[in-house]
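Residue strings, one per chain:
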Amino acid sequence: MPDWSSGTERLILESVDSTMAEAARRAVAGAAGPLWIMAREQVAARGRRGRVWENPVGNFAATLLMRPPESPVQAGLRSFTAALALYDALAGLSGRADLLTLKWPNDVLLAGGKVAGILLESAGQGGAMSHLAIGFGVNLAAAPPPEALEAGAFAPVSVLEATGVRVAPEVLLDALAAAFDGWEQRLAAYGFAPVRRAWLARAARLGETITARMARETLTGIFETVDETGALVLSTRDGRRVIPAADVFF
Amino acid sequence: MTKEIRESDVAFIEALAELLRRNDLSEIEVQRDYGKDDCLNVRVARQMAPAPAPVAVAVPATPAPAAQPVAVGTPSAAESDPALLPGAVTSPMVGTVYLQPEPGTPAFVKVGDQVKEGQTLLIIEAMKTMNQISSPRAGTVKRILVEDGSPAEYGAPLMIVE
């Protein structure tokens, strides 16, 4: 369990528009962080690039607001610590590490389905980061209906249906905050290398063919590795490609 | 290979030019290899004299097997390289540019807009992290040098705000 008295704050709301919006308001208002904001209900939950995020009651919704000291280049590395922390928390609570894998850069898959979404937003200026918000949505009790899905998206799955284990949101918050803190400390002490190694050890489809859809092109190739900056490395027919932003499918 | 690669190569060269200027260097030479048939040889140089700084560039060979050095003399480095303009806002990272907060919404800013210091100009996504890039100064958006969905290299000029 995390030591909530050690400086990391926790706020649990009954209802909010979205925990990301609440974090942005508190960042502007000067919250020092780290601050976890959890909501039992989000009435305007959202995903990446404005996608709707379905958030049935009993599921987990929380945002961690922090003010990392580094440049925004480092912000994206939290995609990996966040995914590892959620993987570890869910593995511990469900006892089913065998069903969990990671998809680049921050998707946690349970029994091959999408069990969670992680969204990171940073703000900064002139090479400095003013704040970073990491949003977690986890299908603990229920997966959204299939009609809410975009074509080609991973089938949603819930922790309850895939493992039979019912996890309360507050319980996941404790486990996730503790796990994230552990990965954050490793990142601070040893840099990205141990985070990268741990992520690759849990990765789905490493060495196999995957597809990366970018804003302007779609590439298919062998998932070779994740490089030292966190970028996806694909070996394609036209050579090796290093990809900093894409949606991955397989 | 593709237009995209050439654009990223241009952005890379522009980033080198910016490094050159910022660190007061006279020359940077880089050879980069990304596997078979994909190599880039660049030499960026400038005169340290008060005369306008020419930028000599060995044109990137993608996918040509070897770079043929071609000196491109320009009357003013700033004219050909927006990164050298005083109002340039450059990319702090490698990623994908988004000019709108979300698809289907108006752009953060358009040419001619007055912006405040700290106002969000665009988003660069890397590793699923949406990084809001804000204006380093109050002023007017003079030029937008990137398109929505285009790749940005480290140090590449994004907008001119004066």
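Conventions and cut-offs
Residues numbered from 1 in each chain as written. Chains lettered and ligands numbered in written order. Predicted model: local features only at pLDDT ≥ 70, side-chain atom pairs only at ≥ 80, totals over all residues. Heavy atoms only, no water. Helix = DSSP H or I, 4+ residues; strand = E, 2+ residues; numbered from the N terminus. Buried < 20%, exposed > 50% of the residue type's maximum accessible area, 1.4 Å probe, protein only. Contact = heavy atoms within 4.5 Å. Domains from an automatic or database assignment. Buried area = accessible area lost by both parts, 1.4 Å probe. Salt bridge = Lys/Arg side-chain N within 4 Å of Asp/Glu carboxyl O. Core = buried A, V, L, I, M, F, W, Y, C linked by side-chain atoms within 4.5 Å.

Observations regarding unusual backbone geometry
All names here are of chain A.
So, step 1. With an omega of -5°, the peptide bond running from Gly33 to Pro34 counts as cis.
So, step 2. By the element assignment, Pro34 lies in the loop between α1 (19-28) and β2 (35-42).
So, step 3. For the peptide bond that leads from Trp104 to Pro105, omega is -10°, which places it in the cis range.
So, step 4. Considering the arrangement of structural elements, one finds Pro105 in the loop between β4 (100-103) and β5 (107-110).
So, step 5. Although it is not a glycine, Ala111 adopts a positive phi angle of roughly 50°.
So, step 6. Classification of Ala111 as exposed rests on a relative accessible area of 52%.

Examining the environment of A:Met129
Residues and elements named next belong to chain A.
So, step 1. When you line up the elements, Met129 lands in strand β8 (residues 128-138).
So, step 2. A relative accessible area of 8% means that Met129 is categorised as buried.
So, step 3. A sequence separation of 58 residues divides Met129 from Ser71, and the C-alpha atoms of the two residues are 5.5 Å apart.
So, step 4. The residues contacting Met129, other than those within four sequence positions of it, are Pro68, Glu70, Ser71, Pro72, Ala75, Ser122, Ala123 and Gly124.

Observations concerning the domain arrangement of chain A
Residues and elements named next belong to chain A.
So, step 1. Split into domains, chain A comes out as domain 1 (9-201) and domain 2 (209-249).
So, step 2. Spacing between the C-alpha centres of domain 1 and domain 2 amounts to 23 Å.
So, step 3. Each side of the interface is counted separately: domain 1 has 12 residues, and domain 2 has 16 residues.
So, step 4. Of the roughly 1100 Å² buried where domain 1 meets domain 2, counting both sides, 58% is carbon and sulfur surface.
So, step 5. The interface formed by domain 1 and domain 2 contains one salt bridge.

Re the side chain of A:Asn55
Residue and element names in this part refer to chain A.
So, step 1. Mapped onto the elements of the fold, Asn55 is located in the loop between β2 and β3 (60-66).
So, step 2. Overall, Asn55 belongs to the buried group, its relative accessible area being 13%.
So, step 3. If we ignore the near neighbours within four places in the chain, the residues touching Asn55 are Glu41, Gln42, Ala45, Phe60 and Ala61.

Topic: the nonpolar core
So, step 1. A:Trp36, A:Phe60, A:Leu86, A:Leu90, A:Leu172, A:Trp199 and B:Leu122 are the most contacted members of the largest nonpolar core, which has 82 residues in total.
So, step 2. The element best represented in this core is helix α2 (residues 78-94) of chain A, accounting for 10 residues.
So, step 3. Apart from the residues within four sequence positions on either side, A:Leu90 is in contact with A:Gly95, A:Leu100, A:Val108, A:Val115, A:Val138, A:Leu140, A:Val159 and A:Leu172.
So, step 4. In terms of nonpolar packing, the next biggest core, distinct from the first, is built from 11 residues, A:Met20, A:Leu35, A:Ile37 and A:Leu65 among them.

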